[in-house]
Amino acid sequence: MRKSRALNLGTGLFVLLGFAALFFLTTQTTSHGLSFRSEPYYVVTAKFRDIGDLKVGAPVSMAGVQVGRVAAIGFDSQDFKAVVTMRIDDRFNQIPTDSSANIYTQGLLGGQYIGLSPGGAETYLKNHSEITFTNSALVLEKLIGQFLANFNKGSNSSSPSGGQPQ
Amino acid sequence: MIGDFLDSLSESVERLGDTIRFLVRILVQVPSAMLRPQLIFDQIYNAGALSLVIIMLSGLFVGMVLGLQGYDLLQRFGSEDALGTAAAIGLVRELGPVVTALLFAGRAGTALASEIGLMRATDQLSAMEMMAVDPVRRVVVPRFLGGVIAMPLLAAIFSMIGIYGAQLIGVQVMHVDAGSFWSQMQASVELRDVNEGIVKSVVFGIACSLIAVYQGYYSEPTAEGVGTATTRTVVTSAVMVLFLDYLITAFFLK
């Protein structure tokens, strides 16, 4: 009987450790944390000409503080723009209606996020309002392409007879 | 030559079918085996708690190797802050379940196969049948269930220890910032990744336990037969685990 009690204790400890590890994996390695119910939020949309690499779940921040997340990304076939739906935390319910939304990149290789710059209006964004002032993502490849095109043009015009030997 | 190949192929298919039939036979007996939980607890202890040391040690070393290799790879792109993400995704989705299953087959699977095989060789199973005790219900099902329950828990422990191993090398030795190690991991690991790992470890647990009890139960009742059963357990389990791993990964990444 003594032996079987020690055995059961070992089994119980093992199972507990296993579930602790599962709990660790689901809460500590992911961003889910302990919040099984979601905070109250309201939804705001914005249309961008180009969202670059923006993904669902990307943070929406204001002055560097995260105020919400990107909930959905759609496409408006009327004016060929990307429609980004954002969930903003209810605590941040005093964002002026003429605020602008910009897509920035975290670091050189980081993911993209939406930064809101406040406007000066007295009215605030409500559920299902739209942010009309938007700036598209800075697509690095396009920028480099433009730079190279300008560079070539510049070098051609300055020394038309020069350039590379054929 | 071709005839031999066809013969061995049809034999493998036959054994696969036989294993599936054995699984059905086990599953039918599961409810009645639940009535004696003590037998299952004992097997969770045998398959799980006794494998804990090897799992934790291996997890620590696999995690530390991931820390070194991941750091060396990522610093070439100047993104060593992503080490936490790389280590966590690698461990939770792939290395945790697969390496645990391979170790589980080597540590617990062989023990199961040789134990049941020896019972077969020493006529203990026939003796049970003689006493109207179903050996599948009394011997096989508790061992199978013990393995199926222990395996996902072992895989979770392996992944957790592995992440701390990677953290040990990355943060303490290579001086990756601890804050970005954890926050980048939490930002980019999704619940989907953890689910994939859990699904894999459950499936591997079923496969490894089933192969072990099948090989033991149907082993030749000789000393050599027990040895063959043990070898086959490890080889078949390893191949099945890697094959199923590909299937499940392809399914999750579809």
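## Some words on the overall build of chain A
The helix and strand tally for chain A stands at 2 helices and 8 strands. For chain A, the residues scored as buried account for 18% of the 166 residues in total. Partitioning the intrachain contacts of chain A with sequence separation of at least 6 by distance along the chain shows that 61% fall at a separation of at least 24.

## Some remarks on the overall build of chain B
Assigned secondary structure in chain B consists of 9 helices and 0 strands. Beginning at the N terminus, the succession of helices and strands in chain B can be written as α-α-α-α-α-α-α-α-α. For chain B, the spread of C-alpha atoms along the three principal axes comes to 70 × 50 × 30 Å. Counting all 254 residues of chain B, 47% fall into the buried class. Sequence-distant contacts, at least 24 apart, represent 87% of the contacts inside chain B between residues at least 6 apart.

## What about the interface of chain A and chain B?
Counting residues at the interface gives 18 residues for chain A, matched by 24 residues for chain B. Its residues assigned to classes, the side of chain A that touches chain B shows 9 nonpolar, 9 polar and no charged.

## Considering the confidence of the model for chain B
In the predicted model, chain B carries a mean pLDDT of 91, and 100% of its residues have values of at least 70. Reported for the predicted complex are a pTM of 0.73 and an ipTM of 0.80.

## A word on the sheet that holds strand 6 (residues 112-117) of chain A
In any sheet, the strands associate via hydrogen bonds between backbone groups, in a parallel or an antiparallel arrangement. Residues and elements named next belong to chain A. Pairing is mixed in the open sheet, where 8 strands are placed in the order 7-1-4-3-2-6-5-8. Of all strands in the sheet, those with a lone pairing partner are strand 7 (129-131) and strand 8 (133-135), marking the two edges. When strand polarity is set aside, the average angle formed by the axes of neighbouring strands in this sheet is 30°. Inspection of the sheet shows strand 1 (residues 41-48) paired to strand 7 by 3 bridges, in the parallel sense. Within strand 7, the residue paired with V44 across the bridge is S129.

## Considerations on the nonpolar core
Counting residues in each nonpolar core, the largest one holds 78 residues, and the members touching the most others are V140, M151, L154, I157, C208 and V213 of chain B. Sorting elements by how many residues they give to this core places helix 6 (residues 135-173) of chain B first, with 21 residues. Grouped together as the second largest cluster of nonpolar side chains are 20 residues, A58, V70, V84 and A101 of chain A included.

## A word on the packing of helix 8 (residues 191-217) of chain B against helix 9 (residues 223-252) of chain B
Residue and element names in this part refer to chain B. Following both chains from N to C, one finds helix 8 and helix 9 inclined at 155°, their axes separated by 9 Å at the closest point. It follows from the interaxial angle that helix 8 and helix 9 lie roughly antiparallel. Note that helix 8 runs across helix 9; the crossing there is right-handed. On the side of helix 8, the interface is formed by E196, V199, K200, V203, F204, A207, C208, I211, A212, Q215 and G216, while helix 9 contributes A229, R232, T233, T236, S237, M240, V241, L244, D245, I248 and F252. By residue class, the composition of the contact of helix 8 with helix 9 is 13 nonpolar, 5 polar and 4 charged.

## Topic: the environment of A47 of chain B
All names here are of chain B. Relative to the elements of secondary structure, A47 occurs in helix 2 (residues 37-47). For the pair A47 and V148, spaced 101 residues apart in sequence, the C-alpha to C-alpha distance is 9.2 Å. Not counting residues up to four positions away in its chain, the partners in contact with A47 are A108, G146, G147 and A150.

## A word on the packing of helix 2 of chain B against helix 6 of chain B
Residue and element names in this part refer to chain B. Close contact between helix 2 and helix 6 brings their axes to 8 Å; oriented N to C, the two are set at 55°. Our classification of the angle between helix 2 and helix 6 gives oblique. The interaxial crossing formed by helix 2 with helix 6 has right-handed handedness. Across the interface between the two elements, L39, I40, Q43, I44, N46 and A47 from helix 2 touch P142, R143, L145, G146, G147, I149 and A150 from helix 6. The class makeup of the residues in the contact of helix 2 with helix 6 is 8 nonpolar, 4 polar and 1 charged.

## Looking at helix 8 of chain B
For the α-helix, the turn length of 3.6 residues means that residues three or four positions removed from each other point alike. Look at helix 8 of chain B: 39 Å from first C-alpha to last across 27 residues, which is about the 39 Å you get at 1.5 Å a residue. With 19 of its 27 residues buried, helix 8 of chain B lies for the most part within the structure.

## Concerning unusual backbone geometry
For F80 of chain A, which is not glycine, the phi torsion reads 55° and is therefore positive. Structurally, F80 of chain A is set in the loop between strand 3 (65-76) and strand 4 (81-89). Residue classification places F80 of chain A among the exposed residues on the basis of 9 C-beta atoms within 10 Å. Although it is not a glycine, D123 of chain B adopts a positive phi angle of roughly 65°. With respect to the helices and strands, D123 of chain B occurs in the loop between helix 4 (83-121) and helix 5 (124-130).

## Things to note about the pairing of strand 1 of chain A
Where strand 1 of chain A and strand 4 of chain A come together, 8 bridges link them in antiparallel fashion. Its bridge partner being in strand 4 of chain A, A46 of chain A is matched across the sheet by V84 of chain A.

## Overview of the confidence of the model for chain A
Residues of chain A with pLDDT of at least 70 account for 83%, and the chain-wide mean is 80. For the stretch residues 159-166 of chain A, pLDDT sits under 50, and the model shows 1 contact to residues farther than four places along the chain or on other chains.

Conventions we followed
- Residues numbered from 1 in each chain as written.
- Chains lettered and ligands numbered in written order.
- Predicted model: local features only at pLDDT ≥ 70, side-chain atom pairs only at ≥ 80, totals over all residues.
- Helix = DSSP H or I, 4+ residues; strand = E, 2+ residues; numbered from the N terminus.
- Buried ≥ 20, exposed ≤ 12 C-beta atoms within 10 Å, placed from the backbone.
- Contact = placed C-beta atoms within 7 Å.
- Nonpolar A, V, L, I, M, F, W, Y, C, P; charged D, E, K, R; others polar.
- pLDDT = per-residue confidence, 0-100.
- Pairing = 2+ DSSP bridges.
- Axes fitted to C-alpha atoms, helices over the stretch in contact; angles between N-to-C directions.
- Core = buried A, V, L, I, M, F, W, Y, C linked by C-beta atoms within 7 Å.
- Parallel < 35°, antiparallel > 145°, perpendicular 65-115°, else oblique.
- Left-handed = near helix turned anticlockwise from the far one by under 90°.
- Expected span 1.5 Å × (residues − 1).

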